[in-house]
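A closer look at the structure
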Amino acid sequence: MPDYTVTTTRYLGFADQNLTTLQSYILAEEDDHGGTGDFSWIISGISLAGRAIANKVRRARIDDVIGGLDSSNVHGEEQQKLDIIANEFIMRCLGDRADIGVLASEEGETPTIIRSPKEGGKYCVAFDPLDGSSNIDVSVGVGTIFSILKSDHEDFDDAEQLILQPGTKQVAAGYILYGSSVIFVLTTGHGVDMFVLDPAIGTFVQVASKLKMPDEKKIYSINEAYYDKFPAEYQNYLQWAHKNDYSARYIGSMVADVHRTLVKGGVFIYPPTGVHRKGKLRLMYEANPMGFIMEQAGGLAYADTDRIMDIEPEALHQRCSVIMGSKGEVENVLRFLRNGGES
Ligand code: AHG
Ligand code: MN
Ligand code: MN
């Protein structure tokens, strides 16, 4: 009888490997954690939206959806056509999922209540439908970032009350990177797992499980054009790094810079600047979900000297500074912030 043990070599295509799809992974996770399948239905909604967005990003120039609209979002930033398209895909793919209570988008001034907790709305999803959208026109990696919370108030006056919870309350978080491949990275609080979209079968297949970042890696990722506007402690850190054989990598899409940091190690930093005195990145749908991923992969995630996930949010679109990545590398930056700028 031939041995049908499936080999794990990957070069022959999916038929010769143990195929764990995002769907089967989530259902297994639900079993392990006593879930009822409603949570997996939300992740499958995000996966569907991600595949639709990936297709549109790939076809952006063909379908003439690059560039901006004449509108700006709540942050006063010019909206890119793909920002709106990505937002629509996610709202439609999640809006009809039975357990969704609130959807909060970077592109929406206020959160959208889909159904109250009493009507079965158990989860809130905060998301950045398209991160790094200034890179769309030049085919550089962009992505979608999401954070999933439980909407645990029974009575509430407005949707912000339901969703404004510290990052420690996240039940899941992740991102989809539309890069040279389409990568889905997810944590449900039990480590970080990575999936790649196999275009041959239109499915996310698992390629890594319980990812851990290197504790140290001499790579820093920061927009040094703003150097003169950084607080002195950050300037002193950079001068120290320049003298200690660091290399710099900065893509300008948080999702791509954080993914490189997850895979290779290093530190991603967006300090306070002259324009953004509290930092540019948004707590609820950029810093918190990425911070959850970093911590689950053995790294750290800080806003100046505060742990990002401990911050009590006051507004949906509030910003914070960001220092996240390898434990040793974040600690190097914190040493300068805590010692008045000395190493
Ligand atoms: P978004 O496209 O969702 O507005 O996010 C852009 C963010 C983030 O992706 C990136 O890290 C940062 O903006 C880059 O800012 P600078 O261009 O100021 O460096
Ligand atoms: Mn963003
Ligand atoms: Mn965005």
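The coordinates are above.
Nothing here was measured: the structure is a model prediction, and the numbers come from that model.

Backbone-to-backbone hydrogen bonds pair the strands of a sheet. The strands run either parallel or antiparallel. Strands sit in the order β4-β3-β5-β6-β7-β8-β9-β10 across an open sheet of eight strands; the sheet is mixed. For this open sheet the edge positions go to β4 (112–113) and β10 (203–208), each flanked by a neighbour on one side alone. Note: strand β5 (residues 123–131) against strand β6 (residues 142–150), seven bridges, orientation antiparallel. Paired with A126 across the bridge in β6 is S147. Helix α3 (residues 81–95) rests against β3 (100–105), β4, β5 and β6 of the sheet, and its axis sits at about 155 degrees to β5. In the packing of helix α6 (residues 254–264) onto the sheet, the strands contacted are β5, β6, β7 (172–178), β8 (182–187) and β9 (192–198), and the crossing angle to β7 comes to about 105 degrees.

Moving on, we come to the coordination of the manganese ion (ligand 2). Tetrahedral coordination by four donors sets the ideal angle at the metal to 109.5 degrees; octahedral coordination by six donors sets it to 90 or 180 degrees. For the manganese ion (ligand 2), the full set of protein donor atoms is D128 (OD), D131 (OD) and E286 (OE), at a range of 1.9 to 2.1 Å. Of note, the manganese ion (ligand 2) draws all its donor residues from one chain, in the sequence arrangement D-x2-D-x154-E. A separation of 3.7 Å is found between the manganese ion (ligand 2) and the manganese ion (ligand 3), which share D128 as a coordinating residue. Here E286 lies in helix α7 (residues 283–296) and D128 lies in strand β5, a separation of 158 residues in the sequence. For D128, a relative accessible area of 0% gives the class buried. The class of E286 is buried, set by a relative accessible area of 1%.

Turning our attention to the pairing of β3. Burial within β3 is extensive, with six of its six residues counted as buried. Strand direction decides the pairing type here: β3 and β5, joined by five bridges, are parallel. Directly across from S105, in β5, lies its bridge partner F127. In the sheet, β3 pairs with β4 via two bridges, with the strands oriented antiparallel. Each bridged residue has a counterpart across the sheet, and for V102 the counterpart in β4 is I113. Hairpin geometry of β3 and β4 is characterised by an intervening segment of six residues between the two adjacent antiparallel strands.

Calculation criteria
- Residues numbered from 1 in each chain as written.
- Chains lettered and ligands numbered in written order.
- Predicted model: local features only at pLDDT ≥ 70, side-chain atom pairs only at ≥ 80, totals over all residues.
- Heavy atoms only, no water.
- Pairing = 2+ DSSP bridges.
- Helix = DSSP H or I, 4+ residues; strand = E, 2+ residues; numbered from the N terminus.
- Contact = heavy atoms within 4.5 Å.
- Axes fitted to C-alpha atoms, helices over the stretch in contact; angles between N-to-C directions.
- Donors = N, O, S within 2.8 Å, 3.2 Å for Na, K, Ca; no water.
- Buried < 20%, exposed > 50% of the residue type's maximum accessible area, 1.4 Å probe, protein only.

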